[in-house]
Amino acid sequence: MGSEKRKILIFGATGYLGKYMVKASVSMGHITYAYTRPLKPNEDISKSQLLKEFESMGVCIIQGELDEHEKLVSVLGKVEIVISTLAVPQHLEQLKIISAMKEAGTVKRFIPSEFGNEVDRVKGLPPLEALFSNKRKIRRATEAAEIPFTYVSANSLAAYFVNYVLHPHDKQRDEVVVYGSGEAKAVLNYEEDVAYYTLKAATDPRTANRVIIVRPSGNIVSQLDLICGWEEKIGKTFRKAHVPEEELVKLSETLGHPDNIPLAILHNIFIKGDQMSFKLSTEDLEASKLFPDYKYTSVDGLLEMCLVKPPQPRLAEFA
């Protein structure tokens, strides 16, 4: 596949990351389909409004359940590229998509719902390791079905975690929480950039049956780097309330599912520093080097954006 326009189907299109994927696909001129659950009478009005926005952009909306195998096969028969951004509780539901793709026989690239750590190269506390295990199962099932794939390791979504750590919308806040020492390095990538890199990778022959890692140099930061950068921009110094590693580990062991998952994620990203726990070799595909003409939003650039319009608080879990 080259850079020509493609027929792309997106699962989870109305979710947090899914809407970025839809908009990126449309902006690149692709024929874009969105497979979503049918609207219910008591559905949040925001989903209905988002679907109307998609339709105004020319997106073809297909409402259906993942259990509707024949419908899935029919829809998949019309497209070449499939991108899934299904939420964590639905990760194993992608097995139904894989089965339908294999039967349809038309899909030239599948990008499963990952967009986090490179799961074949890291491990987490038990609650997070269970999540990683599900992602690995989807990888292995995709490979067994002989469906061409690209796995996107986007590390951490920057607007989400900048909001989570700094609360830039809260002008009265005087204290921030620091997990561990605050010195472990993480990788925070702006959501729009993750969508751009994903759509570019989806049609690039260099990324076929490969992992693409989003690790641009301007987005490698520690919690303390992030807090210090924000303090400098707003001319304010925060009190730092440190949460020791032992406390996070203990809570991840005692709290039930799914409340223990965010704690394990915080431990993995901000204390263990797993996203920077391995070096990239010349054999690895790093997104900003693969697509050097694209100007990504650095963490510093995102903080500048927060001075004008901070990201809205996200209520859903970041698992």
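Whatever comes next refers back to the structure up there.
Here the structure is a predicted model, which means the values were calculated and not measured. (Residues numbered from 1 in each chain as written. Predicted model: local features only at pLDDT ≥ 70, side-chain atom pairs only at ≥ 80, totals over all residues. Heavy atoms only, no water.)

Asks: Would you explain the overall build of the chain in this entry?
Replies: Across its full length, the chain holds 12 helices and 13 strands. Taken over the C-alpha trace, the chain has a radius of gyration of 20 Å; the compact-globule value for 319 residues is 20 Å, and the two agree within 12%. With respect to the principal axes defined by its C-alpha atoms, the chain has extents near 55 × 45 × 40 Å. Relative to its full complement of 319 residues, the chain shows a buried share of 52%. (Helix = DSSP H or I, 4+ residues; strand = E, 2+ residues; numbered from the N terminus. Rg over C-alpha atoms; globule rule 2.2 N^0.38 Å. Buried < 20%, exposed > 50% of the residue type's maximum accessible area, 1.4 Å probe, protein only.)

Asks: What exactly am I supposed to notice about the packing of aromatic side chains here?
Replies: The description of two aromatic rings rests on the distance between their centres and on the angle between their planes. Scanning the entire structure with this criterion turns up 11 aromatic pairs. Considering the side-chain rings of Phe11 and Tyr35, the 5.2 Å spacing of their centres and the 45 degrees angle between planes classify their relative orientation as tilted. Here the residue Phe11 occupies a position in strand β1 (residues 7–11), and Tyr35 occupies one in strand β2 (residues 31–36), the gap between them amounting to 24 residues. Accessibility expressed as a relative area gives 1% for Phe11, which makes it buried. The buried category is assigned to Tyr35, whose relative accessible area is 3%. Between the aromatic rings of Phe161 and Phe270, the centroid separation amounts to 5.9 Å while the plane-to-plane angle is 75 degrees, which identifies the pairing as edge-to-face. (Phe/Tyr/Trp six-rings, centres within 6.5 Å; stacked < 30°, edge-to-face > 60°.)

Asks: Help me understand the environment of Gln275, please; the structure alone is not making it clear to me.
Replies: Structurally, Gln275 is set in the loop between α10 (260–272) and β13 (285–286). Sequence separation of Gln275 and Ser298 is 23 residues, and the distance between their C-alpha atoms is 17 Å. Once residues lying within four places of it in the same chain are set aside, the contact partners of Gln275 are Asn117, Asn155, Ser156, Ala186, Val187, Arg215 and Ile269. One polar contact links the side chain of Gln275 to the main-chain amide nitrogen of Val187, over a distance of 3.0 Å. (Contact = heavy atoms within 4.5 Å. Polar contact = N/O pair within 3.5 Å; in protein donor to acceptor, adjacent residues only side chain to side chain.)

Asks: I would appreciate a short explanation of the pattern of salt bridges in the present structure.
Replies: It is possible for side chains of opposite charge to pair when their charged atoms get near one another. Within this structure, the stated rule accounts for 22 salt bridges. Its salt-bridge partner being Glu129, residue Arg136 comes within 2.7 Å of it at the nearest N-O pair. In this structure, the salt-bridge partner of Arg239 is Glu175, at a minimum N-O distance of 3.7 Å. Of the two residues, Arg239 sits in strand β12 (residues 239–243) while Glu175 sits in strand β8 (residues 175–179), which places them 64 residues apart along the sequence. Among the charged side chains, a network of salt bridges with common partners joins Glu114, Glu118, Asp120, Arg139, Arg140 and Glu143. (Salt bridge = Lys/Arg side-chain N within 4 Å of Asp/Glu carboxyl O.)

Asks: Could you clarify how one ought to interpret the sheet that holds β2 in this entry?
Replies: Pairing between the strands of a sheet is mediated by backbone hydrogen bonds and can be parallel or antiparallel. Judged by pairing direction, the sheet is parallel, and its 5 strands sit side by side in the order β3-β2-β1-β4-β5 without closing on themselves. Both edges of this open sheet fall to β3 (60–63) and β5 (109–111), since each of them pairs with a single strand only. Each strand axis lies, on average, 20 degrees off the axis of its neighbour in the sheet, ignoring direction. Relative to the sheet, helix α3 (residues 69–76) contacts β1, β2, β3 and β4 (81–84), its axis offset from that of β1 by approximately 145 degrees. (Pairing = 2+ DSSP bridges. Axes fitted to C-alpha atoms, helices over the stretch in contact; angles between N-to-C directions.)

Asks: What's the story with unusual backbone geometry in this structure? I'm lost.
Replies: Glycine aside, residues mostly have negative phi angles, and peptide bonds mostly take the trans form. With an omega of 5 degrees, the peptide bond between His257 and Pro258 qualifies as cis. Tracing the chain through its elements places Pro258 in the loop between α9 (245–254) and α10. The phi torsion at Asn155 lies on the positive side, around 60 degrees, for a residue other than glycine. Structurally, the position occupied by Asn155 is in the loop between β6 (150–153) and β7 (156–157).

Asks: Looking at this structure, how should I read the sheet that holds β13?
Replies: The strand order across the open sheet built from 3 strands is β6-β10-β13, with neighbouring strands paired in parallel fashion. Edge positions in the open sheet fall to β6 and β13, since each of these has one partner strand only. Pairing of strand β10 (residues 210–213) with β13, which is carried by 2 bridges, proceeds in the parallel orientation. Across the sheet, the residue bridging to Ile212 is Leu285, located in β13.

Asks: Teacher, can you tell me more about the pairing of β6 here?
Replies: The two faces of the sheet receive side chains in turn, since in a regular strand these alternate between them. Side chains of β6 alternate between two faces, with Thr150 and Val152 and Tyr151 and Ser153 buried alike. Bridge analysis of β6 against β10 gives 4 bridges, and the strand direction is parallel. The partner of Tyr151 across the bridge, within β10, is Val211.

Asks: For this particular structure, what's the right way to read helix α12 (residues 299–308)?
Replies: In an α-helix, one turn spans 3.6 residues, which is why side chains three or four residues apart end up on the same side. All of the buried residues along α12 are Val299, Leu302, Leu303 and Cys306. Angular distribution of buried residues about the axis of α12 spans 100 degrees; they occupy a single face of the element. Buried residues along α12 sit in contact with α6 (158–166), β9 (185–189), β11 (220–222) and α8 (223–234). (Arc of directions from axis to C-beta.)

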